[in-house]
Each structure stands twice: as structure tokens, then as C-alpha cells.
Amino acid sequence: MRRSSGPSRALFVLFPALLPATFLPASVAAQEPVPLESIIVSASRVELPADSVGSSVTEIGGEELQRRGVQRLEDVLDLVPGVTVRRTGSIGTPAGISLRGLGVRNTLVLLDGVEIGDPSRAQVTYEFGTIPVADIDRIEVLRGPQSTLYGADAAGGVINIVTRRPTRPFEGYVGSEVGTWGTVQGSAGIRGTIGRFTYGASAFGFRTDGFSSFPKARGGRERDGHETWSGRAQFGVDLTDTLRTELWLSQSEARVDYDQSNADLFQQYFTKRERFLRSQTTFEAFDGRWKSQFGIAHSSHQRDYKGSQNVSLGDHYDGTRTKIDYLGNVRIAPGHAITFGAEGEWDRLDQDTPAVLGSPDFARIDARARTLGAFAEYRFSPVENLNLSAGIRRDEHDRFGGATTWRITGAYRVAATDTKLRASYGTGFVTPSLYELYDPCNGNRTLGAERSRGWDVGVDQYLLGRRVMVGATWFDSRIEDQIRFDFSRAAPAGCPYAFGGYLNVEKVRSRGLEGELRARLDERIDLRAQYTYMNAENAITGTRLKDVPQHQGAIALDWRFLDRASAGATVRMRGESDSGFSSGTKAGGFVTADIRLDYEVADGVTIYGRIVNLFDADFEEVHGFATPGRSGYVGTRVRF
């Protein structure tokens, strides 16, 4: 029997935890609290004060990540409203991220301007574990249609990960951790400035014996381990006072043991190698009123499937993406600015899957796609405290032709009550992946492109001198011809291990409510909470979409009870979701809790411990895939 809890119990857990935020003002007023810092976001691909942004956005700073002891970035995304994290394997395996129930294909993830998704996969998943948390300056999550500025993959929103830039002549860090499941990880990094030159480099290693990805209650026994090694480097130089060029490089290698959702696959694993490169030059003219950015990026992703069972033994996937872009921003006059740009993207899939096919000749795929796009956005402030924007984009795809998307936003700050009112409306255009089109077993060459539209309205209320922010957003998104995997579709001849395939769903609608609370009650207490209600369904049949819970939420509390010591706790809840495979294959609702404690033994030297899944809840985020039971970890962090 599972020791999990449904959404009703979760709400009872979360709701009382939120009450103190309502009644604390009087009790903390005498403690000289520190206000929440103004957040800067990239909702218009340029830095803007949060008060001027009409999109729904949440920012989590790097210092908060460090304070909470976050080791993997997907763990902190549970604290962002509208974000659903789907893990389908043991510790360290890639995670699928979706926004507002629209699926992972509608979520664009950027790392320093580079799209880190793998173009060889059906739907993009992300290996966040290769990015040392100590390198992160901030994470920005923009919800709602963002295709106008970011292109096709951003119809649901954008997760923008920004790494730290050197600000001192020399600084660095070293960290290590050991814990349950034979888990060991370490990271180190340096960065600095030398005259006009900046540099940075980091390395990360992770290894775990893991647990069975196939649930133990269903017969899973073999541990599914994971190993990851990654390195990153960044170099920059100011050629003149107005001209700067930068280069980012990264590479990671991994071995991932895995199971399917219906079997414990002994000694089944794949190896993976990923490389990213981006070169960028920025130029300012007319006393900084015109800023230009030229960039070129290339990424490659290789996966080779190995093992003792002939499920995918010998299969090879090689995906590459090359992108050239220009971004300009012109301040026309006070309160008036235009952002504009153009992009070209080339994707390639080289796939060889003889293990699942009867004919080796039939198994080989060499597919390519090209997309060219141009966009512009006009931002203006007609009166004080009112900020508006309107943007338009045109994309040309070599298979699906042209598409025009657009977006408008508005934000108004009521100064008397420190209230921000905001709204946005936008459209999106998403093409099928190369795998979904051309895979010989699951692909469908008749697939059409998705077209979407969505809007949201929200309010952010600041209290106690901006030490507390309470926000609420109502959203409504609709997609025509959404691409979904249908398990009932018959597999083609010559695919003995395949089942199902990709189809266009006529119409999909996802609407709901997001609530968010951030509070810095005093210098020692920080609180963050979110709750999301999502009603995502097939608009024709009324059936709920697979793997989309109706209810989810989280609350995190951090308390520095001594000058050198702090403690924290996170409670996460999620309602049940249907896998879509067959009747009775739902992932039940659950509540989990984590706790943490750290102590600074000397300046810059911290030891810490954390317990994950404190009450040992037995649950599945996705039907057929296990999650870790109670786990403990201890580690050290050194800054110099």
C-alpha cells in the first residue's frame, strides 16, 4: 500500500502554513526586517525593473539557491507557480518541465542564451544536474506565450538560467556531498577579472548507485545508477569601452541506467555526451541608446544505448543545433524603446535504431529542419506607472511554411497601495520535433504544427515596505492540433517493441489559477510558497490531459536562528494525474517534506545536512516510475 496523500490532505498541510504570513506583520515589525530586493527580469530580452513587466514572472536568485541548500535546479522549480517537474527515473536522470499544463515541448530552457534541449529527443528533457548551483546568478521563469521574442518552443513560457559574472579580481568555491544510495558529488569553480579580461571555469561530478526506476511495489529490484561529469568555461574581453566579445564552452558526459514504465530492465543503460558553444559580441552606440548583440551557438547531443537486454541495444541518437542571432535595443525617447532581432536555426537528427526494427536499412534516419525568424517589440509608458508593450514575429519553417505570432502586455502600479496590476495576451507556433516526424516506429510524417493563444491577468500586492509580496494570476491557454502520444495507435510492421505513436489532438484548453507568496519577515526568516490549479483537458472530449495534475503547491521556510547557523523546510504537494496509458494507470496525489540544516564553521566554510522525503512517502510523479524514499545527505561548501 502506498503511503501517499491526496490533494485534500496536502491543502490542509499547506494552508495552515500560509496563515502565519498573514498575521506576522505585528509580531515582526520591531525586528527591523529587510525589504525584498527589486528583481530584474528578461521578459523583453533586455533587463527591466519588475514593476514594468506585464508577463507573469518569478525570479529565484543564486543566493537563495545557496541558502536553501539546493543541489539540483529542478528541485527549486517546484517552488514556482505553474511549473510541473516530471522525473522518470532514479537520482540524476533528466527531468521533463512543463508550464501551465501545456507539455514540455512548449517550454524553452536557456542557459546563458543557449537552448540546452536535445533536438534528437521526442520531447525535450533537461539534464539540470550538470550545472553547479554555485555558478547560478538567478533563474527567471516567464509564464504564458513568449514565442514572439523567443521563437516556436516558447509557446508556454521560458526558463532562463543566468550564470554568475566575475565582479572581483579572483574568487572561487569548492563543494562536496555524500549521502544515501551511494551518492557522491563534488564541484569547484573560479572566476575573476584581469584588466579588460574576464574569465570563469567550473567542474562538476556526480555518481550514485541509485534505486530501481521501476517501483519496488511492482517488482523493481535492480538499482539504476547514474554518473555525470561536466565542465564549463567562460571568457570575455572589452575590446573598447563600447565593444565586448564573450565565449562560453561546456561539455558533459554521463552514463544513465534506466527502466521502462512496465519493466525492470537489468543492466540496461545509455551513455550521453553533450557539448555547447556560444560566441557573443555586444556593441553600444549613441551614448548607450542603441545596443546590439550578435551571437552564434552550436550544441551537439549523442546517446548510445547499451546493456544486456535486447530492447534498444546498439541504438544511437545524434542531435545538433546551430543558431545565429542578432538582438538590438533602441531607446527612442524617455519611456519609449524598441527591441528587434533576427534568428536562423538549423536542427539535425542522425538516428540509427536497429534494435527495435527488423530491417537495419529501415532504422537509419538523417533528418534536418531550418527555421528563420524576425521580430520586434515596442515598449512605451504613456503615463506614469503604466507600462505597455506590443510585439510581432514572423517565422519561416522549411517544412511547415510561415507563421506570424504576436503579444501584448500591460503593467500598472497603483502607487497609493503599492499594487501591481498586469495582463498579457499572446499567440504561439510549435512545430513537431524531427523524432516525432521521422522515427520509423513512433513517428508520424502527417503531423501538423501546433498553434496556440493564451492570456493571463494578475495582481501583485506588496506589503510592509515590500518585505512581503502576495500574487495571484488567472490564465487561459488554448492549442489547436496539439501533438500528443497516443498509446492506442497501432505500431507499423517491423516494430516488435513499439506501441503507440504521435497524433494531433484537435483542441486543448488549459486554464487555472496561480498563487504566490514571498516574504522576508526579518533578517533571519524567509518564506516562499506557491499553489497552482490547472484544468487541462481535450476541449472536444472533455477528458483531462495526461500527466497534468489539477492541484500542486509548495512552501519553503528558511530560518537563520544563529549568526552562523540556519535551518529550513520545504513541503511539496501534487494531486493525482493520469498517464493516458490505460485505465487504472494514474499517479496518485502525494505530500512530501524535506528539511535542512547548515552551520558556517569559519568565514566562507559551511557544513550542511539535509533529509529528503522526511516521512518516507511512497509515491510516483509519473505512473510506473519510482521516486526516492527517505534519503540523507551531508556536505561542505567553501568560498574563497
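Look above for the structure.
So, a few notes on the structure that sits alongside this text. (Residues numbered from 1 in each chain as written. Predicted model: local features only at pLDDT ≥ 70, side-chain atom pairs only at ≥ 80, totals over all residues. Heavy atoms only, no water.)

1. Description of the overall build of the protein
Then comes step 1: For the protein, the helix and strand inventory stands at seven helices and 33 strands.
Then comes step 2: Per-residue burial over the protein gives 55% buried out of 640 residues. (Helix = DSSP H or I, 4+ residues; strand = E, 2+ residues; numbered from the N terminus. Buried < 20%, exposed > 50% of the residue type's maximum accessible area, 1.4 Å probe, protein only.)

2. Let's talk about a nonpolar patch on the surface
Then comes step 1: Judged by side-chain polarity, Ile194, Phe197, Phe235, Leu249 and Leu277 come together as a nonpolar surface patch covering roughly 420 Å² of accessible area.
Then comes step 2: Here Phe197 shows up in strand 12 (residues 197–211).
Then comes step 3: Take Phe197: its relative accessible area is 32%, and that puts it in the partly exposed class. (Patch = residues over 30% accessible without salt bridge, like charges linked within 9 Å, V, L, I, M, F, W, Y side chains within 5 Å. Areas by Shrake-Rupley, 256 points an atom, 1.4 Å probe, with all protein chains shown as cover. Salt bridge = Lys/Arg side-chain N within 4 Å of Asp/Glu carboxyl O.)

3. Remarks on the sheet that holds strand 8 (residues 136–143)
Then comes step 1: The five strands are arranged 3-8-9-6-7 in an open sheet whose pairing can be described as mixed. Two strands close off the open sheet at either side, each with one partner strand: strand 3 (56–61) and strand 7 (114–115).
Then comes step 2: Examined bridge by bridge, strand 6 (residues 107–111) and strand 9 (residues 157–163) share five bridges and lie parallel to one another. Residue pairing across strands places Leu110 opposite Asn160, the latter belonging to strand 9. (Pairing = 2+ DSSP bridges.)

4. Topic: the pairing of strand 22 (residues 419–430)
Then comes step 1: Counting buried positions along strand 22 yields nine of 12 residues, so the element is predominantly enclosed.
Then comes step 2: Where strand 21 (residues 401–414) lies against strand 22, eight bridges are found, and the strand directions are antiparallel. Note that in strand 22 the partner of Arg407 across the bridge is Gly426.
Then comes step 3: In this structure, the hairpin formed by strand 21 and strand 22 is closed by a connection of four residues, where Asp418 is found at a positive phi of approximately 55°.
Then comes step 4: Pairing analysis gives 12 bridges linking strand 22 to strand 23 (residues 450–463), with the strands arranged antiparallel. Looking at the pairing, Tyr425 lines up with Trp455 of strand 23.

5. Regarding unusual backbone geometry
Then comes step 1: Within the chain, Asn385 stands out as a residue other than glycine whose phi angle is a positive 75°.
Then comes step 2: Summarising the element assignment, Asn385 is placed in the loop between strand 19 (364–380) and strand 20 (386–397).

6. Observations regarding the side chain of Asp78
Then comes step 1: Structurally, the position occupied by Asp78 is in the loop between helix 4 (73–77) and strand 4 (83–87).
Then comes step 2: For Asp78, a relative accessible area of 8% translates into the label buried.
Then comes step 3: A polar side-chain atom of Asp78 sits 3.3 Å from a polar atom in the side chain of Arg87. (Polar contact = N/O pair within 3.5 Å; in protein donor to acceptor, adjacent residues only side chain to side chain.)

7. Describing the pairing of strand 13 (residues 224–238)
Then comes step 1: Summarising the sheet, strand 12 and strand 13 pair through 13 bridges and their orientation is antiparallel. The partner of Phe197 across the bridge, within strand 13, is Val237.
Then comes step 2: In terms of strand pairing, strand 13 meets strand 14 (residues 243–257) through 13 bridges, oriented antiparallel. By the bridge assignment for strand 14, Trp229 is matched with Glu253.
Then comes step 3: The hairpin turn running from strand 13 into strand 14, its antiparallel successor, is four residues long.

8. Thoughts on the environment of Val80
Then comes step 1: Here Val80 lies in the loop between helix 4 and strand 4.
Then comes step 2: Taking relative accessible area as the criterion, Val80 reaches 0% and is therefore assigned buried.
Then comes step 3: Residues Val80 and Val141, spaced 61 residues apart in sequence, show a C-alpha to C-alpha distance of 7.8 Å.
Then comes step 4: Setting aside residues no more than four positions away along its own chain, Val80 makes contact with Thr58, Ile60, Val141, Arg143 and Gln530. (Contact = heavy atoms within 4.5 Å.)

9. A short note on the pattern of salt bridges
Then comes step 1: On inspection of all chains with the given rule, the structure shows 60 salt bridges.
Then comes step 2: The salt bridge involving Arg138 is made with Glu59; its shortest N-O contact spans 3.6 Å. Of the two residues, Arg138 sits in strand 8 while Glu59 sits in strand 3, which places them 79 residues apart along the sequence.
Then comes step 3: Among the ionic contacts, a cluster of salt bridges with common partners joins Glu115, Arg321, Lys323, Glu343, Glu345, Asp347, Arg393 and Asp395.

10. Side note on the packing of aromatic side chains
Then comes step 1: All told, the structure shown has 18 aromatic pairs when counted by the stated rule.
Then comes step 2: Between Tyr326 and Phe340, the ring centres sit 5.9 Å apart and the planes meet at 50°, which makes this aromatic pair tilted. With Tyr326 in strand 17 (residues 316–333) and Phe340 in strand 18 (residues 336–352), this pair connects stretches of sequence that are 14 residues apart.
Then comes step 3: Ring centres of Phe485 and Tyr502 lie 5.0 Å apart, and the angle between their planes is 80°; this geometry places the pair in the edge-to-face category. In this pair, Phe485 sits in strand 24 (residues 468–486) while Tyr502 sits in strand 25 (residues 501–520), placing the two residues 17 residues apart along the sequence. Accessibility classification places Phe485 together with Tyr502 in one group, the buried group.
Then comes step 4: A connected cluster of aromatic rings, assembled from ring pairs, spans Tyr258, Phe270, Tyr305, Tyr317, Tyr435, Phe485 and Tyr502. (Phe/Tyr/Trp six-rings, centres within 6.5 Å; stacked < 30°, edge-to-face > 60°.)

11. What about the nonpolar core?
Then comes step 1: By size, the foremost hydrophobic cluster in this structure holds 29 residues, and its most contacted members are Leu65, Leu73, Leu77, Ile139 and Ile161.
Then comes step 2: If you list the elements that add at least two residues to this core, you get helix 4, strand 4, strand 5 (95–99), strand 6, strand 8, strand 9 and strand 27 (551–562).
Then comes step 3: If sequence neighbours within four positions are ignored, Leu77 has contacts with Val83, Val85, Ile97, Phe128, Ile139, Val141 and Ile159.
Then comes step 4: Grouped together as the second largest cluster of nonpolar side chains are 24 residues, Ile365, Ala367, Leu434 and Ile483 included. (Core = buried A, V, L, I, M, F, W, Y, C linked by side-chain atoms within 4.5 Å.)

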